[in-house]
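# A look at the structure
The lines below spell out each chain.
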Amino acid sequence: MATKKRPLIRPNFEQHDIQNRTFWLDKNPINDGVFKTLLKNIPGRAPDEMRRIFLSDVLVRIRIPLMRKGQARAQVTEAKIENVKTQARALLQSLAALDPVGLRLFRAGAVEVALLGDASQKVDFLEDARPKLTTPGAFWDAVQNLENAASCAAGLLNPQAGKADKHALSRAIILTVFQAYLSHFGKAPPLSESGWFTKWLSDLGEKMGHPFSAKLAATTLKLWQADQGPPS
């Protein structure tokens, strides 16, 4: 059996979360009338409560790009996030390249680490991850989420004021709301300029004090979709 590598020291992510809670505000950024208008303009068969939860989540998520409006672009941070995105894509490509024998061995190794890991070597999975990360498909989904998160995070970094910078912030809002929609409804909304979603995004931006066109929303989403592509 191959020698198990010493695990990397896990950063204190929870401490960073606590420090960043200043981004989350309790006050609703829009009044009840505007909220009801935005809610009403979300079509579909989803129950009202589901759409209400989606809109509430959107208003929380887009506060980060809006609160960073006008801040200098953190180029070093952006490079690090892009590196996460690149490495995640490389991992997906590596998983896709495994043949049936490799996949069986990979699954056997994952089960061993998850269930039979040597606690003294501290290589076993975290308790809450054990039921999930025991198949190549589960790892694929986790890494795909990591790549998508990095892609969305890169869009949240905004440069200083200017026309190009305004578009960067618009794209950050558009992609943030799009990811929220995927998360809540499990499928993509219509991406065309004439579709309800891009018009709704434009209306949302205007009501949040950062207007942009449905055309920009459609272009941003189509470019993002084209950039995803199947792993090669």
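Above this text you will find the structure in question.
Here is a short report on the structure shown in this document.

Reading the values: the criteria
Residues numbered from 1 in each chain as written. Predicted model: local features only at pLDDT ≥ 70, side-chain atom pairs only at ≥ 80, totals over all residues. Heavy atoms only, no water. Core = buried A, V, L, I, M, F, W, Y, C linked by side-chain atoms within 4.5 Å. Buried < 20%, exposed > 50% of the residue type's maximum accessible area, 1.4 Å probe, protein only. Helix = DSSP H or I, 4+ residues; strand = E, 2+ residues; numbered from the N terminus. Contact = heavy atoms within 4.5 Å. Axes fitted to C-alpha atoms, helices over the stretch in contact; angles between N-to-C directions. Parallel < 35°, antiparallel > 145°, perpendicular 65-115°, else oblique. Left-handed = near helix turned anticlockwise from the far one by under 90°. Nonpolar A, V, L, I, M, F, W, Y, C, P; charged D, E, K, R; others polar. Expected span 1.5 Å × (residues − 1). Arc of directions from axis to C-beta. Polar contact = N/O pair within 3.5 Å; in protein donor to acceptor, adjacent residues only side chain to side chain.

Counting residues in hydrophobic clusters, the biggest one holds 32 residues, and the most contacted among them are Phe54, Val177, Trp200 and Leu204. Those elements giving two or more residues to this core turn out to be helix H2 (32-40), helix H3 (48-61), helix H8 (163-185), helix H9 (196-207) and helix H10 (214-228). Ranked by the residues each element gives to this core, the list is headed by H8, at 9 residues. Apart from residues lying up to four places away in sequence, Leu204 is in contact with Leu38, Val58, Leu59, Ile62 and Val177.

Attention now goes to the packing of H2 against H3. Close contact between H2 and H3 brings their axes to 10 Å; oriented N to C, the two are set at 120 degrees. What the angle tells us is that H2 and H3 run oblique. The two elements H2 and H3 meet at a crossing, and its hand is right-handed. Residue-level contacts link Phe35, Leu38 and Leu39 of H2 to Asp48, Arg51, Arg52, Leu55, Ser56 and Leu59 of H3. Residue classes in the contact of H2 with H3 are distributed as 5 nonpolar, 1 polar and 3 charged.

With that out of the way, let us pick up H9. Along its 12 residues, H9 runs 16 Å from first to last C-alpha, staying within 8% of the 16 Å computed at 1.5 Å per residue. Among the residues making up H9, those that are buried are Phe197, Thr198, Trp200, Leu201, Ser202, Asp203, Leu204 and Gly205.

Taken residue by residue, H2 has Phe35, Leu38 and Leu39 as its buried positions. Buried residues of H2 fall within an arc of 100 degrees about the axis and therefore sit on the same side. Turned more than 90 degrees away from the buried face of H2, the exposed residues are Lys36 and Lys40. Sitting at the amino-terminal end of H2 is Asn31, which places a side-chain oxygen 3.1 Å from the backbone nitrogen of Gly33.

Any functional reading would require information that these geometric values do not contain.
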